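Take a look at the letters that make up each chain.
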Amino acid sequence: QVQLVESGGGLVQAGGSLRLSCAASGRAFSNYGMGWFRQAPGKEREFVATITLSGSGTSYIDSVKGRFTISRDNAKNTVYLQMNSLRPEDTAVYYCAARRSAPSRAADLYEYWGQGTQVTVSS
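This write-up is about the structure you can find in this document. Keep in mind that what you see is a predicted model, and the values were worked out from it rather than measured.

## Observations regarding the pairing of strand S8 (residues 78-83)
Next up, step 1: Taken across its six residues, S8 has five buried, putting it largely inside the fold.
Next up, step 2: Of the pairings in the sheet, the one linking strand S3 (residues 18-24) to S8 comprises six bridges and is antiparallel in character. Counterpart to Arg19 in the pairing with S8 is Gln82.
Next up, step 3: The turn joining strand S7 (residues 68-73) and S8, which pair antiparallel and follow one another in sequence, is formed by four residues; a positive phi near 55° is taken by Asn77.

Listed below in structure tokens is the structure:
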């Protein structure tokens, strides 16, 4: 069993930065592929970024490439999402998710989810 708690969301002006953190409880965090997803009002949840178990591999949705960076610290049981050059269209609730296997872009393949953290980008 893994519990995930996100933090770091908030209100920021366009062009600003935020760093989201997702702290995981439980053992064997390094056995989980991790992902960040987001859901804007009236829209479906969408994939943002994933990172492999060791942290050596990452993937991103095209709209955030070059602006967002996913990373993880297995010693601290934490995954991060550094978000730079934020745009109003990045406004959403951001969720981290864990999967006991390689990460995936498909949300329904993740077993564990955090409660989400709100990111609001003003123009």
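Additional details are given in the paragraphs that follow.
## Describing the nonpolar core
Considering soluble globular proteins, one finds that nonpolar side chains tend to be buried as a cluster.
Next up, step 1: Leu4, Met34, Trp36, Leu81, Met83 and Tyr94 are the most contacted members of the largest nonpolar core, which has 35 residues in total.
Next up, step 2: Of all the elements in the fold, those that place two or more residues in this core are S3, strand S4 (33-39), strand S5 (46-51), S7, S8, strand S9 (92-99) and strand S11 (117-122).
Next up, step 3: Ranked by residue count, the leading element in this core is S9, at five residues.

## Notes on the environment of Val79
Next up, step 1: One can find Val79 in strand S8.
Next up, step 2: Classification of Val79 by relative accessible area gives buried; the value is 0%.
Next up, step 3: Separated by 24 residues in sequence, Val79 and Gly55 have C-alpha atoms that sit 9.5 Å apart.
Next up, step 4: Ignoring sequence-local partners within four residues, the contact set of Val79 consists of Leu20, Ser21, Cys22, Phe29, Met34, Trp36, Ile51, Ile70, Ser71 and Arg72.

Criteria and cut-off values
Residues numbered from 1 in each chain as written. Predicted model: local features only at pLDDT ≥ 70, side-chain atom pairs only at ≥ 80, totals over all residues. Heavy atoms only, no water. Buried < 20%, exposed > 50% of the residue type's maximum accessible area, 1.4 Å probe, protein only. Helix = DSSP H or I, 4+ residues; strand = E, 2+ residues; numbered from the N terminus. Pairing = 2+ DSSP bridges. Core = buried A, V, L, I, M, F, W, Y, C linked by side-chain atoms within 4.5 Å. Contact = heavy atoms within 4.5 Å.

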